[in-house]
Amino acid sequence: MKYIYIKTWGCQMNEYDSSLMASLLQKKNQYLITLNPEQADILILNTCSIREKAQEKVFHQLGRWRKIKNKNSEVIIAVGGCVATQEGEEIYKRANYVDIIFGTQTLHRLPEMISEVEKKRKLSIDISFPKLEKFDHSLEIKKTGYTAAISIMEGCNKYCSFCVVPYTRGNEISRPCDDILFEISVLAEKGVREINLLGQNVNAYQGPTFNGKICFFSELIRLVSEIDGIDRIRFTTSNPLEFTDDIIEVYKDTPKLVSFLHLPVQSGSNRILHLMKRSYTIEDYQSIVEKLIIARPNIQISSDFIVGFPGETETDFQQTMTFIKNINFDMSFSFIYSNRPGTPSSEMEDNLDLKEKKKRLYILQNRINLQTMLWSRKMFQSIQSILVEGVSNKNVMELYGRTENNRIVTFHGSPKIIGQFVDLRIKKVHTHTLKGELF
Ligand code: SAH
Ligand code: F3S
């Protein structure tokens, strides 16, 4: 029996891709998954290049794996994901003990690539972009748990000036609507109750239907909500651009869609948004939020922020801080701008020192934490619907689940209710987690 070890960096799309790889390799090559790289016959690195010194991180990891290969020359090392897509054969030039280089769109070919290497013992490389092919295998992903993420589209055409995604994942392409609905129905039959629709820009979804029409994102959400067994719908990530009124309308009539929206704004300064090529203004964003509040008064909004974008002044930063207060963002992600080779903003002059960037990040994160705490406190003594996901890993006597607004709640209850929605009264509040009692 052979073992594979998969290390995954990056976003939920990468997590999804890794679970697809794991399922395919278990099924087609009958490999077993191990959590110990020393035990593995095949080591797979699914890389991310969104921030930091992505390439260096990859070669450090490969260096560690080389030691494993030195002990056993039969071990196969495969590198995939965004760095592999960007770098291709360069990876092999720097680390000639790598056996396989595959891209974000060719991971379904991994079983064949591994067999090829096993036979011929020479580099196998495929970083092409065969449109949507990998999803032909998505039904094979093993269901684990009662929530499932399902990819509805890939890629991005927006070319924000700081971002590598359009280069690593390719142009936007939507999966056929009927394939998605079928897959979700199969998951629902297996007990999945909550679906997270995944994509780099889900609101740009426009998938073909069986009768030759186009299904837009708003319609897709409504269709998913009609599937028996699916009681909660989330999506990640959406973009303020193309967040059209028909999508806002869905919040009015589709209670299964959660009252929590991750809508990355990146900056609260119109000047910076323009330099970022985000193609919207803070007024546009504000207007989306106002309409959303009318459609769903209890909606909570979270965001991503980049601080220290080239040329960001103290005034720009203060505008972001004001915007954070005005929108009253809930828990959000924030990052120091990272210069990504090949992106337009990498050419811009960046003369702000790292110390100042770190200071801004710290101030911003403190504010977000405060607001997150205030949102959580509002939940004290309220009744919340929770999908019970399992036994808490901090205390085996407790169960845990998530609220609509993404807080983990722990509580005492019988394991028989795992996989069901229950109502809890919130008895204790921390910033990101809560404690509750069955109601
Ligand atoms: N489609 C999403 C973004 C996906 S990338 C959107 O429209 O916003 C995820 C997040 O990583 C981004 O929201 C951004 O905040 C961050 N990010 C992307 N490139 C970055 C860079 N070069 N430096 C710092 N953060 C970056
Ligand atoms: Fe990146 Fe902008 Fe697309 S942040 S994923 S290029 S919307």
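Residues numbered from 1 in each chain as written. Chains lettered and ligands numbered in written order. Predicted model: local features only at pLDDT ≥ 70, side-chain atom pairs only at ≥ 80, totals over all residues. Heavy atoms only, no water.

So, the overall build of the protein chain
For clarity, the threshold we go by: Where helices and strands are cited, they refer to DSSP runs of H or I of at least four residues and of E of at least two residues respectively, numbered from the N terminus. All radius of gyration figures rest on C-alpha atoms, and the globule criterion is 2.2 Å times the number of residues raised to 0.38. Buried, partly exposed and exposed residues are distinguished by accessible area as a fraction of the type maximum, computed with a 1.4 Å probe on protein chains only: under 20%, between the cut-offs, and over 50%, respectively. Contact between two residues is taken to exist if any of their heavy atoms lie within 4.5 Å; hydrogens are not considered. Residue-level accessible areas treat just the shown protein chains as cover; the underlying method is Shrake-Rupley with a 1.4 Å probe.
Within the protein chain one finds 13 helices and 22 strands. Taken against the 2.2 N^0.38 rule, which gives 22 Å for 439 residues, the C-alpha radius of gyration of the protein chain at 23 Å falls within 12% of a compact globule. Projected onto its principal axes, the C-alpha coordinates of the protein chain cover approximately 60 × 60 × 50 Å. Per-residue burial over the protein chain gives 54% buried out of 439 residues. Long-range pairs, those at least 24 residues apart, make up 72% of the contacts in the protein chain with a sequence separation of at least 6. Accessible surface, the protein chain: about 19,900 Å² in total, of which carbon and sulfur atoms supply 52%.

Description of the state of the cysteines
Cut-off, in case you're wondering: For the purposes of this analysis, a disulfide is any pair of cysteine sulfur atoms at a distance within 2.5 Å.
Considering all chains together, one arrives at zero disulfides under this definition. Cys-48 provides the cysteine sulfur closest to Cys-11, a residue in no disulfide bond, and the two sulfurs are 6.3 Å apart. Judged by its relative accessible area of 35%, Cys-11 is partly exposed. Cys-48 carries a free sulfur, and the closest cysteine sulfur to it, the one in Cys-82, is 6.1 Å from it. Taking the relative accessible area as the measure of exposure, Cys-48 reaches 21% and is therefore partly exposed.

Considering the UniProt feature "domain: TRAM" (unreviewed entry) in the protein chain
What counts here: UniProt positions are given in the numbering used here, feature names are shortened, and annotations may be inferred rather than shown by experiment.
Under the UniProt annotation, the feature "domain: TRAM" (unreviewed entry) is placed at residues 377–439. Between the first and last C-alpha atoms of residues 377–439 the distance is 19 Å; the span itself is 2% helix and 51% strand.

Digging into the packing of helix 7 (residues 177–189) against helix 8 (residues 217–225)
The line we're drawing: Where helices are involved, their axes are fitted lines through C-alpha atoms of the stretch in contact, as for all axes, and angles between N-to-C directions lie from 0 to 180°. Roughly parallel means an angle under 35 degrees; roughly antiparallel means over 145; roughly perpendicular covers 65 to 115; every other angle is labelled oblique. In this scheme, a crossing is called left-handed if the near helix is turned counterclockwise away from the far one by less than a right angle; it is called right-handed if the turn is clockwise.
Following both chains from N to C, one finds helix 7 and helix 8 inclined at 25 degrees, their axes separated by 10 Å at the closest point. Overall, the two elements helix 7 and helix 8 adopt an arrangement that is roughly parallel. In this structure, helix 7 meets helix 8 at a crossing whose hand is right-handed. Each of Cys-177, Ile-180, Leu-181 and Ile-184 in helix 7 lies in contact with helix 8, whose residues at this interface are Leu-220, Leu-223 and Val-224.

Description of the site of ligand 1
Selection criterion: Only heavy atoms are used to decide nearness, and a residue is near a molecule or strand if one of them lies within 4 Å of it. Distance and chemistry together define a polar contact, namely a pair of N or O atoms within 3.5 Å, with one atom able to donate a hydrogen and the other to accept it when in protein, and with adjacent residues in sequence counting only for side-chain atoms on both sides. Boundary definitions for the domains trace back to an automatic or database domain assignment.
Lining the immediate surroundings of ligand 1 are 16 residues, of which Arg-51, Gln-200, Gln-266, Asp-304 and Ser-338 lie closest. Contacts to ligand 1 include Arg-51, whose side-chain N or O atom sits 2.9 Å from an oxygen atom. Ser-338 places a main-chain nitrogen or oxygen 2.8 Å from a nitrogen atom of ligand 1. Within the complex, 90% of the 540 Å² of free accessible area of ligand 1 lies under protein. Contributing elements (two or more residues each) for the shell around ligand 1: strand 16 (304–307) and strand 17 (333–336). Counting residues domain by domain, the shell around ligand 1 receives three or more from each of domain 2 (143–258) and domain 3 (261–378).

A few points about the domain arrangement of the protein chain
For the record, the criterion: In short, buried area is how much 1.4 Å probe accessible area vanishes from two parts on joining, totalled over both.
Along its sequence, the protein chain is carved into domain 1 (2–126), domain 2 (143–258), domain 3 (261–378) and domain 4 (380–438). Between domain 3 and domain 4, the C-alpha centre-to-centre distance is 30 Å. Carbon and sulfur atoms make up 48% of the area that domain 3 and domain 4 hide from each other, which totals about 800 Å². Looking at the side of domain 3 facing domain 4, the largest losses of area belong to Met-331, Met-373 and Ser-376, adding up to 54% of the total buried there.

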